[in-house]
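# Geometric and topological summary
Chain residues, written in single-letter form:
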2 protein chains.
Amino acid sequence: MTYCVAIRIDSGLCFVSDSRTNAGVDNVSTYSKMFTFGHEGERQIVILSAGNLATTQGVIGQIKKDIKQTAQTNFLTIPTLEDAADYVGAISLEQQEKHTGGGAKYEASFIVGGQLPDQKHAAFLVYPQGNHITTSKDTSFLQIGESKYAKPILDRIVGPGISLDTAALCGLVSMVSTMRSNLTVGPPIEVLIFESGSMSVEKRYRFEESSEYLRQLNSSWDDRLREAFNNLPPIAWSRAWDKSVEN
Amino acid sequence: MTYCVAIRIDSGLCFVSDSRTNAGVDNVSTYSKMFTFGHEGERQIVILSAGNLATTQGVIGQIKKDIKQTAQTNFLTIPTLEDAADYVGAISLEQQEKHTGGGAKYEASFIVGGQLPDQKHAAFLVYPQGNHITTSKDTSFLQIGESKYAKPILDRIVGPGISLDTAALCGLVSMVSTMRSNLTVGPPIEVLIFESGSMSVEKRYRFEESSEYLRQLNSSWDDRLREAFNNLPPIAWSRAWDKSVEN
């Protein structure tokens, strides 16, 4: 499995992805799931991928091929991120069906984010069916892969007004929380911070399995969560259940 | 959807369940998903249910019918909880296939817990396929339904040595956390605390939608989680990514 999240706030975007792929728990490999396309200072598109590895590699391969061949639609000339999401949806469907005729086993999801000339920064989630959604003022993050473990903390912290550092920290916390509950999500963890208008993907970081910070963050979050729980008020038991109502 | 959890600790069992059922978000009803069978002071079996409502009602109906007709296998004479889990698995499969021939739409999961004469207290999770698992020293809780949102907090707090009050509070926190992230899980929330050896299900509580405590717990957990996040150390950025490696 995979866990990737993109957070879209007023000041920019933050992308976090794990690097574990697996076909069963005994066939585990490491592949980056974060890809960037663009020219520094001009345009940047970031892609996060989840799902069938053959499909996601096929899609990334096609994107690179279209750039190389300066196809009519390619990431270095495409005018809007919405068009980019449409394009990724279309080639994802193509790749899912190419060798296999398609089916749930070959599905993949993508997050497509970044900023193009004369456009606002944005992020889209491309479903396996090829269609897509974007963020809103009320929903500032998009997740693909094993998204549920981390949703409670994102729901509580992420909003359009937080800082990029807070977004990155929250993305990392959501990642360590997911890793703890699901073995098939694992390091290296990649983080990319995109400041609106910078058109730069230079702020890309990678935390290896051996990362002391990742270990500290995990144990610190463990302690803080336990503390949070221990500081809750005791249960105020409501009236005891009237046994005659049921059974 | 549904969220139910059973926590099995040294001193007893704690069961927590929501009461929302739905067929699409515009067909939402309220049904208790917690059922108890036994004689006070002698034997107690508690069932939590998730999945297709016709199947779960069919299973509970069959359990009651078998008791009424003093069938060879029934909950008031069955010798072990493992046998009870087997029995629930078998009638669950029967009910899934009865009218429809079966299929994922008709599946249901159950938690079967409690204590029978001369036996230890225990809990089992019965899968839609009819087979079951139980708890261990390392895994002290079982969940059915929308289990992922709440797993991170349970993973961190629940162990065999915690008190029944702590188990109940953690079960409730896992419930409010799930409700916040998933609209199809909702009150009334039921909690049953079973002290080992008591053979009593008298400690059963119900928190209505209007429950002031539930509202307070939710907002308190919100605050504590935000505090936990705000108390984390800032990110120690690892070496910046070497761009030459990828893309």
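Right, let's walk through the structure included here.

Basis of the calculations
Residues numbered from 1 in each chain as written. Chains lettered and ligands numbered in written order. Predicted model: local features only at pLDDT ≥ 70, side-chain atom pairs only at ≥ 80, totals over all residues. Heavy atoms only, no water. Helix = DSSP H or I, 4+ residues; strand = E, 2+ residues; numbered from the N terminus. Contact = heavy atoms within 4.5 Å. Areas by Shrake-Rupley, 256 points an atom, 1.4 Å probe, with all protein chains shown as cover. Lys, Arg positive; Asp, Glu negative; His and termini not counted. Charge placed at Lys NZ, Arg CZ, Asp CG, Glu CD. Expected span 1.5 Å × (residues − 1). Polar contact = N/O pair within 3.5 Å; in protein donor to acceptor, adjacent residues only side chain to side chain. Buried < 20%, exposed > 50% of the residue type's maximum accessible area, 1.4 Å probe, protein only. Least-squares fit on C-alpha atoms with pLDDT ≥ 70 in both. Pairing = 2+ DSSP bridges. Axes fitted to C-alpha atoms, helices over the stretch in contact; angles between N-to-C directions. Parallel < 35°, antiparallel > 145°, perpendicular 65-115°, else oblique. Left-handed = near helix turned anticlockwise from the far one by under 90°. Nonpolar A, V, L, I, M, F, W, Y, C, P; charged D, E, K, R; others polar. Phe/Tyr/Trp six-rings, centres within 6.5 Å; stacked < 30°, edge-to-face > 60°.

### Here we look at the overall build of chain A
- A count of helices and strands for chain A gives five helices and 12 strands.
- The dimensions of chain A, computed from C-alpha atoms along their principal axes, are 70 × 40 × 40 Å.
- The contacts in chain A between residues at least 6 apart in sequence include a share of 63% that link residues at least 24 apart.
- Here chain A has roughly 10400 Å² of accessible surface; of this, 47% comes from carbon and sulfur atoms.
- The average position of the 23 basic charges and that of the 28 acidic charges among the side chains of chain A differ by 3 Å.

### Some remarks on helix α1 (residues 53–68) of chain B
Residue and element names in this part refer to chain B.
- Helix length check: α1, at 16 residues, gives a terminal C-alpha distance of 22 Å against a target of 22 Å (1.5 Å per residue), a fit within 8%.
- Those residues of α1 that are buried lie in contact with β5 (34–39), β6 (43–51), α2 (81–98) and β7 (108–115).
- Regarding α1, its N-cap is Asn52, as a side-chain oxygen of that residue lies 2.9 Å from the backbone nitrogen of Ala54 further along.
- Two residues or fewer after α1 comes Thr70, characterised by a positive phi angle close to 35°.

### Some remarks on the environment of Ile7 of chain B
All names here are of chain B.
- Within the secondary structure, Ile7 is located in strand β1 (residues 3–9).
- Judged by its relative accessible area of 0%, Ile7 falls in the buried class.
- When the C-alpha atoms of Ile7 and Thr135 are compared, they prove to be 8.6 Å apart, with 128 residues separating the residues in sequence.
- With residues up to four places along the chain from it excluded, the contact list for Ile7 reads Gly12, Leu13, Cys14, Ser140, Phe141, Leu154, Val158, Ala167 and Gly171.

### A few points about the relation of the copies chain B and chain A
- Least-squares fitting of chain B to chain A yields an RMSD of 0.0 Å, with the transformation described by 0.0 Å of translation along the axis and a rotation of 180°. Here the transformation between the copies is reduced to the relation of a two-fold axis. Identified as the residue of chain B closest to the rotation axis by C-alpha distance is Tyr149 of chain B, at 2.3 Å.
- Most of the interface of chain B is mirrored in chain A, where 100% of its interface residues again form contacts.

### With respect to unusual backbone geometry
Residues and elements named next belong to chain A.
- Following Pro187, the chain continues into Pro188 via a peptide bond in cis, with omega recorded as 0°.
- Its place among the elements puts Pro188 in the loop between α4 (164–181) and β11 (189–195).
- Phi is positive for Met199, which is not a glycine, with a value near 50°.
- For Met199, the position within the fold is in the loop between β11 and β12 (204–207).
- On the accessibility criterion, Met199 (9% relative accessible area) is buried.

### Details of the pairing of strand β2 (residues 12–17) of chain A
Residue and element names in this part refer to chain A.
- Of all six residues in β2, six are buried, a share of seventy percent or more.
- On β2, burial covers both faces: Gly12, Cys14 and Val16 on one face and Leu13, Phe15 and Ser17 on the other are all buried.
- Direction of pairing for strand β1 (residues 3–9) relative to β2: antiparallel, over a ladder of six bridges. Each residue of the ladder has a partner; that of Ile9, found in β2, is Gly12.
- Turn length for the β1-β2 hairpin, with the two strands adjacent in sequence and antiparallel, is two residues.
- Bridge analysis of β2 against β11 gives six bridges, and the strand direction is antiparallel. Residue pairing for β11: Val16 is matched across the bridge by Val191.

### Here's the deal with the packing of helix α5 (residues 212–230) of chain A against helix α5 (residues 212–230) of chain B
- It is the contact of α5 of chain A with α5 of chain B, at a shortest axis distance of 9 Å, that shows an interaxial angle of 150°. The angle between α5 of chain A and α5 of chain B falls in the class roughly antiparallel. In this structure, α5 of chain A meets α5 of chain B at a crossing whose hand is right-handed. Of the residues in α5 of chain B, those touching α5 of chain A at Trp221, Arg224, Leu225, Ala228 and Phe229 of chain A are Trp221, Arg224, Leu225, Ala228 and Phe229 of chain B.
- Taken together, the residues of the contact of α5 of chain A with α5 of chain B sort by class into eight nonpolar, no polar and two charged.

### Concerning the packing of aromatic side chains
Residue and element names in this part refer to chain B.
- Going through the model one piece at a time under the given rule, you end up with six aromatic pairs over all chains.
- An angle of 40° between the planes, with centres 5.7 Å apart, marks the rings of Phe207 and Tyr213 as tilted.
- By relative accessible area, which is 7% here, Tyr213 ends up buried.

Function cannot be read off these values alone, since they describe shape.
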